[in-house]
Amino acid sequence: MIEKVGVIGAGAMGNGIAHVCALAQMDVTLVDINEVQLNKALETIHHNMDRQIRKQLITEQDRDAALKRIQVSLTYDALKNSDIVIEAATEKEEIKKQIMKTVSPLLKPSAMIASNTSSISITRLGAATDRPAKFIGIHFMNPVPVMQLVELIRGLATDDETFNAAKALAERLGKTTATAEDFPAFIVNRILLPMINEAIYTLYEGVGSVDSIDTAMRLGANHPMGPLELADFIGLDVCLSVMQVLYDGLADSKYRPCPLLVKYVEAGWLGKKTKRGFYDYSSEPPTPTR
């Protein structure tokens, strides 16, 4: 049974994974190379748990006990006793592979390794470890404490024991699992990101403004938020990375990233996290940038 969880990367996904694991009474070690990011992650977890208290989803005692279960570290050595390590670093294959190569030798032989990648081949990432049979994709949705789905992706070498343990972990966290084959972007992003990319093309070609496109999809397709607002929430750099993985992996022109998406990323307009993307978040409510 998994009792000690290591999480690599203290960004939005990493702190969310740490949050839900700690609430499920597991000891968590959260590792990042940036101390400021680690402190920010702890503040975010505290803030999000306070929100759950206000919604009467957890108690103050639940929060206090969970926060005590989370340790932070700047070094991978702190992960040596983990039963599973979940990598939630930036969506770049070379960075993830380097993490796998560095972390694997430090872990106990029985430890499993998972990646929270939203698009990259689990087989290739697993091959960068010393234990491909104990490697699996566990793709949480953002924000992790709120979203109910977890995609489970087996690599070519992933064994049944690892898959069953990952499924049991997801269920212990109160999540519903969907099993995906190891193809670029799996299920959710294989469908979602081309829709977002098409919305950006619709803007690029002047078919509609930012406001018109998002209003049309919210009210015409009953989506909770428009595709351009959603792109800003995900991060335009992440959207571009997933589209590039799809385009490179499937060699189909329908996955070509929209030039306007590329331009926004080159400008550093990455969405909410940089206060500017398809919307300008420096004012309330946010205003469209096109």
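What counts as what
Residues numbered from 1 in each chain as written. Predicted model: local features only at pLDDT ≥ 70, side-chain atom pairs only at ≥ 80, totals over all residues. Heavy atoms only, no water. Helix = DSSP H or I, 4+ residues; strand = E, 2+ residues; numbered from the N terminus. Rg over C-alpha atoms; globule rule 2.2 N^0.38 Å. Buried < 20%, exposed > 50% of the residue type's maximum accessible area, 1.4 Å probe, protein only. Areas by Shrake-Rupley, 256 points an atom, 1.4 Å probe, with all protein chains shown as cover. Lys, Arg positive; Asp, Glu negative; His and termini not counted. Charge placed at Lys NZ, Arg CZ, Asp CG, Glu CD. UniProt positions renumbered as here; feature names shortened; annotations may be inferred. Pairing = 2+ DSSP bridges. Axes fitted to C-alpha atoms, helices over the stretch in contact; angles between N-to-C directions. Right-handed = clockwise from strand over helix to strand, strands pointing away. Core = buried A, V, L, I, M, F, W, Y, C linked by side-chain atoms within 4.5 Å. Contact = heavy atoms within 4.5 Å. Arc of directions from axis to C-beta. Salt bridge = Lys/Arg side-chain N within 4 Å of Asp/Glu carboxyl O. Phe/Tyr/Trp six-rings, centres within 6.5 Å; stacked < 30°, edge-to-face > 60°. Polar contact = N/O pair within 3.5 Å; in protein donor to acceptor, adjacent residues only side chain to side chain.

Broken down by element type, the protein chain carries eleven helices and ten strands. Taken over C-alpha atoms, the radius of gyration comes to 19 Å for the protein chain, in line with the 19 Å a tight globule of 290 residues would show. For the protein chain, the spread of C-alpha atoms along the three principal axes comes to 55 × 45 × 30 Å. Within the protein chain, the fraction of its 290 residues that count as buried is 48%. Counting every atom, the protein chain has about 13,900 Å² of accessible surface; 53% of that belongs to carbon and sulfur. Here the protein chain contributes 31 positive and 35 negative side-chain charges, whose respective centroids are spaced 1 Å apart.

On to the UniProt feature "domain: 3-hydroxyacyl-CoA dehydrogenase NAD binding" (unreviewed entry) in the protein chain. Annotation from UniProt places "domain: 3-hydroxyacyl-CoA dehydrogenase NAD binding" (unreviewed entry) at residues 4–182. With 40% helix and 22% strand, residues 4–182 has end C-alpha atoms that lie 27 Å from one another.

Mapped onto this numbering, the UniProt entry gives "domain: 3-hydroxyacyl-CoA dehydrogenase C-terminal" (unreviewed entry) at residues 186–281. Spanning residues 186–281, this segment combines 61% helix with 2% strand, and its end C-alpha atoms are found 31 Å apart.

Taken together, eight strands build an open sheet; the order of strands is S3-S2-S1-S4-S5-S6-S7-S8 and the sheet is mixed. Because the sheet does not close on itself, it has two edges, and the strands there are strand S3 (70–73) and strand S8 (176–180). Across the sheet, the mean angle separating the axes of adjacent strands is 25° when strand polarity is ignored.

Of the strand pairs in this sheet, strand S6 (residues 135–140) and strand S7 (residues 149–154) are connected by five bridges, and their pairing is antiparallel. Within S7, the position partnered with Phe140 by the bridge is Val150. Note: S7 against S8, five bridges, orientation parallel. Bridge assignment links Ile153 to a residue of S8, and that residue is Ala180. At this point the chain moves from S7, through helix H6 (residues 160–172), to the parallel S8, and the crossover so formed is right-handed.

Within the largest apolar cluster, 38 residues are counted, with the highest numbers of intra-cluster contacts made by Ile84, Ile138 and Phe140. By residue number, the principal contributor to this core is helix H1 (residues 12–23), which donates six residues. In this view, Phe140 contacts Met13, Ile17, Ile86, Asn116, Leu149, Val150 and Leu173; residues no more than four positions away in its chain are not counted.

The subject of this paragraph is helix H11 (residues 259–266). When we look at burial in H11, the residues that qualify are Leu260, Leu261 and Tyr264. The buried residues of H11 all sit within an arc of 105° when viewed along its axis, so they share a single face. Exposed and facing more than 90 degrees away from the buried side of H11 are Lys263 and Glu266. Elements in contact with the buried residues of H11: helix H7 (188–204) and helix H10 (236–250). Phi turns positive one or two residues past the end of H11, at Gly268, with a value near 80°.

Moving on, we get to the pattern of salt bridges. For the structure shown, the criterion picks out 14 salt bridges. Residues Lys96 and Glu91 are paired through a salt bridge, measuring 3.7 Å at the closest nitrogen-oxygen approach. Linked through salt bridges whose partners overlap, the residues forming this network are Asp50, Arg63 and Asp64.

Inspection of every chain in the model, using the stated rule, returns four aromatic pairs. Centre to centre, the rings of Tyr264 and Phe278 are 4.7 Å apart; their planes meet at 25°, and the pair counts as stacked. With Tyr264 in helix H11 and Phe278 in the loop between H11 and strand S9 (279–280), the pair connects residues that are 14 residues apart, well separated along the chain. Taken as a pair, Tyr264 and Phe278 share a single burial class, namely buried. Judged by centre distance (6.3 Å) and plane angle (55°), the ring pair of Tyr279 and Tyr281 falls under tilted. Across the pair, exposure class does not vary: Tyr279 and Tyr281 are buried alike. Members of the aromatic cluster, each reached through a chain of ring pairs, are Tyr264, Trp269 and Phe278.

Within the secondary structure, Asp32 is located in the loop between strand S2 (27–31) and helix H2 (35–54). Although buried, Asp32 forms no salt bridge, and the nearest oppositely charged side chain, Lys40, lies 11 Å from it. One polar contact links the side chain of Asp32 to the main-chain amide nitrogen of Ala10, over a distance of 2.8 Å. Among the polar contacts made by the side chain of Asp32, one reaches the main-chain amide nitrogen of Asn34 at a distance of 2.9 Å. Dropping the residues within four chain positions of it, Asp32 is found in contact with Gly9, Ala10, Gln37, Leu38, Ser73 and Leu74.

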